[in-house]
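Structure assessment
As a plain string of letters, each chain reads:
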Amino acid sequence: MLQAKMAAETANRAKTTFIVNMSHELRTPLNAVIGFSDLLLSETFGPLNEKQKRYAENISKSGNHLLDVINDVLDISRLELGNIELYYETVDIPAVIEEVQRVLSSLSAGKKISV
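To start, this report covers the structure provided alongside it.

Calculation criteria
- Once a new chain begins, its residue numbering starts again from 1 and follows that chain's sequence as written.
- The predicted origin of the model limits local features to residues at a pLDDT of at least 70 and limits the giving and counting of side-chain atom pairs to 80 or more, whereas totals for whole chains, interfaces and linings rest on all residues.
- For side-chain calculations, the full set of non-hydrogen atoms in the structure is used, while hydrogens and water are omitted.
- Secondary structure elements follow DSSP: runs of H or I no shorter than four residues count as helices, runs of E no shorter than two count as strands, and numbering proceeds from the N terminus.
- Two things to know: the radius of gyration comes from C-alpha atoms, and the globule rule equals 2.2 Å times the number of residues to the power 0.38.
- Burial classes: relative accessible area under 20% of the type maximum marks a residue as buried, over 50% as exposed, and values in between as partly exposed (1.4 Å probe, protein chains only).
- Whether two residues touch is decided by their heavy atoms; if any such pair falls within 4.5 Å, the residues are in contact.
- Per-residue accessibility takes into account occlusion by the displayed protein chains alone, with areas from the Shrake-Rupley method and a 1.4 Å probe.
- His is not counted, nor are the chain ends; Lys and Arg add positive charge and Asp and Glu add negative charge.
- Taken as the charge centre is NZ of Lys, CZ of Arg, CG of Asp or CD of Glu, depending on the residue.
- Any helix carries an expected span of 1.5 Å times its number of residues minus one.
- One axis fitted to the seven residues ending at a residue, another fitted to the seven starting there: the angle between these axes is the bend at that residue.
- Each patch groups residues whose relative accessible area exceeds 30% and which form no salt bridge, using 9 Å between like charges and 5 Å between nonpolar side chains of Val, Leu, Ile, Met, Phe, Trp and Tyr.
- Every case where a carboxyl oxygen of Asp or Glu lies within 4 Å of a side-chain nitrogen of Lys or Arg is listed as a salt bridge.

Quick look at the overall build of the chain
- Looking only at helices and strands, one finds three helices and zero strands in the chain.
- The C-alpha atoms of the chain give a radius of gyration of 19 Å, which is well past the 13 Å a tight globule of 115 residues would have.
- For the chain, the C-alpha atoms occupy an extent of roughly 65 × 35 × 30 Å along the three principal directions.
- Taking all 115 residues of the chain together, 14% fall into the buried category.
- Pairs at least 24 residues apart make up 58% of the contacts formed inside the chain by residues separated by at least 6 positions.
- Of the roughly 9,200 Å² of accessible surface on the chain, 63% is carried by carbon and sulfur atoms.
- If the 12 positive side-chain charges of the chain are averaged to one point and the 15 negative ones to another, these points end up 8 Å apart.

Here it is, written out as C-alpha cells:
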C-alpha cells in the first residue's frame, strides 16, 4: 500500500512538472504571437484594411484566450498542490457567450454549422 502511494505521488509530481514545462514552452511563442498581432493592430507600420484588421483582432483575441486556458491549467495544478486559493468572482455571462460564439464561428463556418 505504501509503495503504491509513493508511486502515485511520484506520478503526480511528474504530471505537475510536465504541465509547468509545457505551459512555459507554449507561453513563449504565444506571447510573441499576441505581441505581433497587437503591434499590427496599433498600425505602427501602416494602416490595415478592414479584413486585415479583423484577422489581426481574431489572432490577438484567440491568442489571449489560449493564454487564459494555459493559465487555468496552471491554476488547476497549483490547486491540486494546495499552492493557490480558490476565489469567487462575478462573471458577465453575455460576454462569455459572445466570446464562445466568436471562437466557434470560424470553426463552425467551415463545416456549415450555425452557432
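Brief notes about helix H3 (residues 93–109)
- Between its terminal C-alpha atoms H3 stretches 23 Å, which fits the 24 Å expected from 17 residues at 1.5 Å a residue.
- At Val-103, H3 shows its maximal bend, which comes to roughly 30°.

Focus: the environment of Gly-46
- Its place among the elements puts Gly-46 in the loop between helix H1 (2–41) and helix H2 (50–81).
- Here the alpha-carbon distance between Gly-46 and Val-96, two residues 50 residues apart in the chain, equals 32 Å.

Some details on the side chain of Ser-37
- Residue placement: Ser-37 occurs in helix H1.
- Ignoring any residue separated from it by four or fewer positions in sequence, one finds Ser-37 in contact with Ala-56, Ile-59 and Ser-60.

What to know about a nonpolar patch on the surface
- Together, Val-91, Ile-93, Val-96, Ile-97, Val-100, Leu-104, Leu-107 and Val-115 give the surface a local cluster of nonpolar side chains, amounting to about 700 Å² of exposed area.
- Among the structural elements, Leu-107 can be located in helix H3.
- Under the relative-accessibility criterion, Leu-107 is labelled exposed at 54%.

Quick notes on the pattern of salt bridges
- Inspection of the entire model under this criterion finds three salt bridges.
- Put simply, Lys-53 and Glu-43 hold a salt bridge, and the shortest N to O gap is 3.1 Å. Highlighted residues: Lys-53 in helix H2 and Glu-43 in the loop between H1 and H2, separated in sequence by 10 residues.
- Under the relative-accessibility criterion, Lys-53 is labelled partly exposed at 24%.

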